[in-house]
Amino acid sequence: MKRIAKSLLLAMCWIPVAGGTDQALAVSSAGTITPVVELYTSEGCSSCPPADRFLAELGTHIGPDFHAVPLAFHVDYWNRLGWPDPFSKKQYTERQRWIAHVNRQSSIYTPELVVSGRETRNGAQIYDRIRKHNETPANVGIQLQVERNAPDRLHAEITFDNTSGSAAEGYVAIYENGIIREIGGGENRGATLNHEFLVRYWSQPHAVNVGQTSTLVELDIESDWEISNLGLAVVAIDPKNGATLQAIRTPLHSLY
């Protein structure tokens, strides 16, 4: 199994191009907004598996006429209750607290679903919000090219084209699909859980200035992620309210 740490990407479409050790991926965002759908979840929470399945099902509907970037963040505040979730990070809990702040929530909870920075509890409403974003012209464009320049390293170049009139924030996510886990304790003891769009890495914010901003990033590959199931995503958000300005995602398997 191979793992990636620290990177950049996303996509509605991908095109192999010449370059690097083998080939490169070139991806660009759509003309309308592709919203991020965030799930805050934990292996220790008995209410979370149905939400995990919802996110996985959502992913099967994504296509040219319905586009979103689903991401599952495993929080760490369940870890003391009988089952430490190996995918959880304090960083993800802190992000959920920030989301709660901009939504004026009095507390955080799992499972929580967030569409373009807004807490959303109804499944039909989630689909409706995605469609509404898909009909809204985007003021930020994202272009990405990533290539493998060594067996254990990727090189990525990202360009944000920000015409929104104010600065934004860019984030890079690495996610993994197809993770199957046998749970040995806590509320889900004895259950088999299937994780899709599980966030393995979430970057610190990158400045996205008005106009064009280009960033070069070296992506170090670690040993414990399954390359064939990995994807990269790039997200631009409004730092005031967390709303998605644009997002893209792409699988990485074609580079290997």
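Please refer to the structure higher up on the page.
Just so it is clear, the structure is predicted and the values come from calculations on it, not from any experiment. (Residues numbered from 1 in each chain as written. Predicted model: local features only at pLDDT ≥ 70, side-chain atom pairs only at ≥ 80, totals over all residues. Heavy atoms only, no water.)

Help me out: how do you make sense of the overall build of the protein chain in this one?
Counting its regular elements, the protein chain contains three helices and 17 strands. In terms of overall dimensions, the protein chain has a C-alpha envelope of 50 × 40 × 30 Å along the principal axes. The buried share of the protein chain, taken over its 256 residues, is 52%. Partitioning the contacts of the protein chain with sequence separation of at least 6, the portion at a separation of at least 24 is 73%. Per element, the accessible surface of the protein chain, about 11,100 Å² overall, is 49% carbon and sulfur. (Helix = DSSP H or I, 4+ residues; strand = E, 2+ residues; numbered from the N terminus. Buried < 20%, exposed > 50% of the residue type's maximum accessible area, 1.4 Å probe, protein only. Contact = heavy atoms within 4.5 Å. Areas by Shrake-Rupley, 256 points an atom, 1.4 Å probe, with all protein chains shown as cover.)

Which parts of the structure should I look at to understand the pattern of salt bridges?
It is possible for side chains of opposite charge to pair when their charged atoms get near one another. For the structure shown, the criterion picks out six salt bridges. The partner of E119 in a salt bridge is R121, with the nearest N and O atoms 3.0 Å apart. Given the relative accessible area of 21%, E119 is considered partly exposed. The exposed category is assigned to R121, whose relative accessible area is 67%. The salt bridge involving D238 is made with K240; its shortest N-O contact spans 3.2 Å. (Salt bridge = Lys/Arg side-chain N within 4 Å of Asp/Glu carboxyl O.)

Would you explain the nonpolar core in this entry?
Nonpolar side chains in soluble globular proteins tend to end up buried together. The biggest cluster of nonpolar side chains holds 39 residues, and the ones touching the most others in it are V37, L55, L58, L71, F73, I130 and W202. With sequence-adjacent residues up to four places away left out, I130 is seen in contact with P35, V37, L58, F66, H67, A68 and V115. Counting residues in each nonpolar core, the second largest holds 28 residues, with A156, V234, L245 and L252 among its members. (Core = buried A, V, L, I, M, F, W, Y, C linked by side-chain atoms within 4.5 Å.)

Where do I start with the pairing of strand β16 (residues 230–237) in this structure?
In the case of a regular strand, side chains alternate between the two sheet surfaces. Counting buried residues along β16, eight of its eight residues qualify, which places the element largely inside the surrounding structure. Side-chain alternation along β16 places L230, L232, V234 and A236 on one buried face and G231, A233, V235 and I237 on a second face that is also buried. Where strand β10 (residues 168–176) lies against β16, eight bridges are found, and the strand directions are antiparallel. In the sheet register, I174 faces β16, and the bridge partner there is L232. With seven bridges connecting them, β16 and strand β17 (residues 244–251) associate as antiparallel partners. Opposite A236, over in β17, you have Q246 as the bridge partner. The hairpin turn running from β16 into β17, its antiparallel successor, is six residues long, and G242 in that turn takes a positive phi close to 80°. (Pairing = 2+ DSSP bridges.)

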